[in-house]
Amino acid sequence: MFLKHEDFATVVRSTPLISIDLIVENARGQFLLGKRNNRPAQGYWFVPGGRVQKDETLADAFARLTGAELGLRLPMSAGEFYGVWQHFYDDNFSGTDFTTHYVVLGFRLKVDADALNLPVEQHNDYRWLTSAELLAADNVHDNSRAYFLVEKRAEVPGL
């Protein structure tokens with residue numbers, strides 16, 4: 001379901017968004033990052049992912065997002081649930097006049113890097129980095145870096 005620009009702005013201004021982030025690892029123990037084209041986090045290296053749409057099950061969202069972000073549609077069982085995270089941004093998809101808040105479900109998955117068909121809509125470049133390399137890089141967004149710093153995970157009882 002796609003909202004008109006002004007309707008989506010009202011949603012982002014008023015409520016948190018739910019999203020799925022994909023912490024994608026290749027056979028060499030490196031993780032996939034894309035350089036973001038769009039706000040928020042524009043210009044930063046970030047893990048692939050995206051919003052869960054209204055009336056979309058998490059399993060359907062996972063399959064849609066792996067297809068859109070990796071060019072390889074995968075079932076939710078291909079990933080391992082990694083936890084709940086919170087992302088706060090000072091800007092939004094349309095500018096800087098209000099903030100963005102995401103509640104993110106992280107999923108780790110291992111892939112054959114050669115099987116991916118990486119699109120350029122959300123990211124204009126890609127690279128694979130080890131966890132040590134991405135933690136040391138100053139242009140990896142803190143919200144992606146947090147996936148490798150377990151203390152940054154949101155506190156959710158029972159998870």
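Predicted model, so just to flag it, every value in this text is computed and none were measured.

A.B. asks: Hey, could you run me through the overall build of the protein in this one?
C.D. replies: Each helix and strand counted, the protein has four helices and seven strands in total. For the protein, the succession of helices and strands along the chain, N to C, is α-β-β-β-β-α-β-β-β-α-α. Computed over its C-alpha atoms, the radius of gyration of the protein comes to 15 Å, within 12% of the 15 Å expected for a compact globule of 159 residues. For the C-alpha atoms alone, the extent of the protein along its principal axes is close to 45 × 35 × 35 Å. Relative to its 159 residues, the protein shows a buried fraction of 45%.

A.B. asks: Sorry, what's going on with the UniProt feature "binding site: Mg(2+)" (unreviewed entry) in the protein here?
C.D. replies: Summarizing the sequence annotation, UniProt attributes the feature "binding site: Mg(2+)" (unreviewed entry) to Gly 49, Glu 69 and Gln 122 in the numbering used throughout. Spanning 74 residues, the named residues nonetheless gather at one spot, since no C-alpha pair among them exceeds 9.5 Å. Relative to the helices and strands, Glu 69 is located in helix H2 (residues 58-70). If we ignore the near neighbours within four places in the chain, the residues touching Glu 69 are Leu 22, Pro 48, Gly 49, Leu 118, Pro 119, Gln 122, His 123 and Tyr 126. At 3.2 Å, the side chain of Glu 69 forms a polar contact with the backbone nitrogen of Gly 49. Among the secondary structure elements, Gln 122 is positioned in the loop between strand S6 (100-110) and strand S7 (123-129).

A.B. asks: Explain the nonpolar core here, please?
C.D. replies: Generally speaking, soluble globular proteins have nonpolar side chains that are buried together. Of all hydrophobic cores here, the largest spans 24 residues; its most connected members are Ile 23, Leu 33, Trp 85, Leu 134, Val 140, Tyr 147 and Phe 148. Put simply, the parts of the chain that give this core at least two residues each are helix H1 (5-14), strand S1 (17-25), strand S2 (31-36), strand S3 (45-46), strand S5 (80-89) and S6. Excluding its chain neighbours within four sequence positions, the residues that come into contact with Leu 134 are Phe 31, Leu 33, Leu 129, Val 140, Arg 145 and Phe 148. Counting 17 residues, the second largest nonpolar core, distinct from the first, contains Leu 65, Leu 109, Leu 116 and Tyr 126.

A.B. asks: Please explain the pairing of S2 as it appears in this structure.
C.D. replies: Within a regular strand, side chains alternate between the sheet's two faces. For S2, the tally of buried residues reaches five of six residues, placing the bulk of the element in the interior. Here S2 pairs with S7 via five bridges, running antiparallel. Among the inter-strand pairings, Gly 34 is bridged to a residue of S7, identified as Tyr 126.

A.B. asks: Looking at this structure, I do not really get H1. What am I missing?
C.D. replies: Among all positions of H1, only Phe 8, Ala 9 and Val 12 are buried. Buried positions in H1, seen along its axis, are confined to an arc of 105° and lie on one side of it. The inward-facing, buried residues of H1 contact S1, strand S4 (49-51) and S6.

A.B. asks: Please clarify how unusual backbone geometry should be interpreted in this entry.
C.D. replies: Outside of glycine, negative phi angles account for most residues, and trans bonds account for most peptide bonds. Omega for the peptide link from Arg 39 to Pro 40 comes to -10°, which places this bond in the cis form. Relative to the elements of secondary structure, Pro 40 occurs in the loop between S2 and S3. A positive phi angle, close to 65°, is found at Asp 55, a residue other than glycine. Structurally, Asp 55 is set in the loop between S4 and H2. With relative accessibility at 72%, the residue Asp 55 sits in the exposed group.

A.B. asks: For this particular structure, what's the right way to read the environment of Gly 43?
C.D. replies: Residue placement: Gly 43 occurs in the loop between S2 and S3. For the pair Gly 43 and Val 12, spaced 31 residues apart in the sequence, the C-alpha separation amounts to 20 Å. Setting aside residues up to four positions removed in sequence, Gly 43 forms contacts with Lys 35 and Arg 36.

A.B. asks: Would you mind going over the pattern of salt bridges with me for this structure?
C.D. replies: Side-chain pairs of opposite charge can arise whenever the charged atoms involved come near each other. Evaluation of the coordinates by the stated rule reveals five salt bridges. Between Asp 91 and Arg 39 there is a salt bridge, with the nearest N and O atoms lying 2.9 Å from each other. Here Asp 91 is found in the loop between S5 and S6, whereas its partner Arg 39 is found in the loop between S2 and S3, with 52 residues between them in sequence.

Calculation rules
- Here the residue numbering is sequential within each chain, running from 1 through the sequence in written order.
- The model is predicted, so local features are restricted to residues of pLDDT at least 70 and side-chain atom pairs to those at 80 or more, both for listing and for counting; the totals for chains, interfaces and linings are taken over all residues.
- Derived side-chain values reflect all non-hydrogen atoms in the structure, with water molecules and hydrogen atoms excluded from consideration.
- To qualify as a helix, a DSSP run of H or I must reach at least 4 residues; to qualify as a strand, a run of E must reach at least 2; elements of each kind are numbered from the N terminus.
- Radius of gyration means the value over C-alpha atoms here, while the globule rule gives 2.2 Å times the residue count to the 0.38 power.
- Accessibility here uses a 1.4 Å probe with only protein chains present; expressed as a share of the type maximum, an area under 20% marks a residue as buried, one over 50% as exposed, and anything in between as partly exposed.
- UniProt positions are given in the numbering used here, feature names are shortened, and annotations may be inferred rather than shown by experiment.
- Throughout, a residue-residue contact means that at least one pair of heavy atoms, one from each residue, lies within 4.5 Å.
- Here a polar contact means two N or O atoms within 3.5 Å. Within protein one must be a hydrogen donor candidate and the other an acceptor candidate, and residues neighboring in sequence count only if both atoms are side-chain atoms.
- Throughout, nonpolar core names a set of buried Ala, Val, Leu, Ile, Met, Phe, Trp, Tyr and Cys residues whose side chains join them through atoms within 4.5 Å.
- Any two strands between which DSSP finds at least two bridges are classified as paired.
- The arc in question is traced by the directions running from the helix axis to the C-beta atoms.
- Salt bridge criterion: a side-chain nitrogen from Lys or Arg within 4 Å of a carboxyl oxygen from Asp or Glu.

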